[in-house]
Amino acid sequence: MLRSQGIPARLVTGYLNTEYNPLEGYHIVRNSNAHAWVEAWDAEQERWQVFDPTPAGGRPLLEEVNVLGWARQGWEELVFYWDRYVLG
């Protein structure tokens with residue numbers, strides 16, 4: 001719609017609300033974090049302006065890390081090291 005009105009626009013894809021792993025200091029990115037949104041060029045401010053038409057209920061959620069989450073992260077870390085250093 002924006003382009004039909006002569007406004008430069010682009011589709012952007014990326015990830016929202018990744019899970020931070022404090023044990024190793026990195027973000028866990030899952031397929032469920034994938035997201036897409038629109039950006040339009042704002043000539044007055046000379047920058048891309050984000051327009052996300054996705055309703056809040058349709059966006060990837062940020063999960064709170066609780067005891068079960070910590071246990072899952074610890075397990076995933078163990079599996080990662082097993083795969084990389086023992087099996088690899």
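Residues numbered from 1 in each chain as written. Predicted model: local features only at pLDDT ≥ 70, side-chain atom pairs only at ≥ 80, totals over all residues. Heavy atoms only, no water.

**Student:** How would you summarise the overall build of the protein chain if you had to cite specific residues and measurements?
**Tutor:** Counting its secondary structure elements, the protein chain contains one helix and five strands. Mapped in sequence order, the helices and strands of the protein chain form the string β-β-β-β-β-α. Scaling as 2.2 N^0.38, a compact globule of 88 residues should have a C-alpha radius of gyration of about 12 Å, whereas the protein chain reaches 19 Å, well beyond that. For the protein chain, the proportion of its 88 residues judged to be buried stands at 18%. Within the protein chain, residue pairs in contact and separated by at least 24 positions form 50% of the contacts whose partners lie at least 6 positions apart. When the accessible surface of the protein chain is split by element, carbon and sulfur atoms take 59% of a total near 7,100 Å². The centroid of the 7 positive side-chain charges in the protein chain is displaced by 5 Å from the centroid of its 12 negative side-chain charges. (Helix = DSSP H or I, 4+ residues; strand = E, 2+ residues; numbered from the N terminus. Rg over C-alpha atoms; globule rule 2.2 N^0.38 Å. Buried < 20%, exposed > 50% of the residue type's maximum accessible area, 1.4 Å probe, protein only. Contact = heavy atoms within 4.5 Å. Areas by Shrake-Rupley, 256 points an atom, 1.4 Å probe, with all protein chains shown as cover. Lys, Arg positive; Asp, Glu negative; His and termini not counted. Charge placed at Lys NZ, Arg CZ, Asp CG, Glu CD.)

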